[in-house]
Amino acid sequence: MDYKAFYDDVVSWINQANQAAAKYGMHDEQFWAWAADSSAVISKKYQDNPLVIKQMLMLVNWLEEAYEKTHMGKGD
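Residues numbered from 1 in each chain as written. Predicted model: local features only at pLDDT ≥ 70, side-chain atom pairs only at ≥ 80, totals over all residues. Heavy atoms only, no water.

Peer 1: Describe the pattern of salt bridges, listing the residues and the values that go with them.
Peer 2: Scanning the model with the defined rule gives three salt bridges in all. The partner of lysine 4 in a salt bridge is aspartate 8, and the shortest N-O contact between them spans 3.2 Å. Taken together, the positions of lysine 4 and aspartate 8, both in helix H1 (residues 3-24) and four residues apart, correspond to about one turn of that helix. Overall, the relative accessible area of 59% leaves lysine 4 in the exposed class. Here aspartate 8 falls in the partly exposed class, since its relative accessible area comes to 41%. (Salt bridge = Lys/Arg side-chain N within 4 Å of Asp/Glu carboxyl O. Helix = DSSP H or I, 4+ residues; strand = E, 2+ residues; numbered from the N terminus. Buried < 20%, exposed > 50% of the residue type's maximum accessible area, 1.4 Å probe, protein only.)

So this is what it looks like as structure tokens:
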């Protein structure tokens with residue numbers, strides 16, 4: 001596996017996640033659909049390599065935690 005290419009894709013995905021959050025808002029279903037779909041695309045690109053799957057799951061989890069921190073106690 002080309003680890004440099006993969007981690008370049010990870011950096012790009014994080015930037016795209018920031019853009020998607022700005023476009024849709026993290027509260028929007030479209031944002032979470034984008035996160036799930038785009039992370040699956042990267043996983044498939046690297047033949048579902050276990051490292052890739054774990055990295056993408058970690059990133060989606062990171063987004064979920066960021067969302068929860070910003071919406072704690074706001075009734076969202």
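Peer 1: Before we move on, could you go through the packing of helix H2 (residues 29-45) against helix H3 (residues 50-71) and cite the residues and values that matter?
Peer 2: Contact pair H2 / H3: the axes reach a minimum separation of 9 Å and the direction vectors enclose 165 degrees. Comparing their axes, H3 and H2 come out roughly antiparallel. Read as a crossing pair, H2 and H3 show a hand that is right-handed. On H3, the residues that touch Phe31, Trp32, Ala35, Ser39, Ile42 and Ser43 of H2 are Val52, Ile53, Met56, Val60, Leu63, Glu64 and Tyr67. (Axes fitted to C-alpha atoms, helices over the stretch in contact; angles between N-to-C directions. Parallel < 35°, antiparallel > 145°, perpendicular 65-115°, else oblique. Left-handed = near helix turned anticlockwise from the far one by under 90°. Contact = heavy atoms within 4.5 Å.)

Peer 1: Go over a nonpolar patch on the surface with me, naming the residues and quoting the values.
Peer 2: Judged by side-chain polarity, Met1, Tyr3, Tyr7 and Leu51 come together as a nonpolar surface patch covering roughly 370 Å² of accessible area. Looking at the element boundaries, tyrosine 7 is found in helix H1. Residue tyrosine 7 is classed as partly exposed on the basis of its relative accessible area of 34%. (Patch = residues over 30% accessible without salt bridge, like charges linked within 9 Å, V, L, I, M, F, W, Y side chains within 5 Å. Areas by Shrake-Rupley, 256 points an atom, 1.4 Å probe, with all protein chains shown as cover.)

Peer 1: Residue-level account of the environment of tyrosine 7, with values.
Peer 2: Distance in space between the C-alpha atoms of tyrosine 7 and methionine 56 is 11 Å, their sequence separation being 49 residues. Residues within four places of tyrosine 7 in sequence aside, it is in contact with Leu51 and Gln55.

Just distances and angles here, no functional claims.
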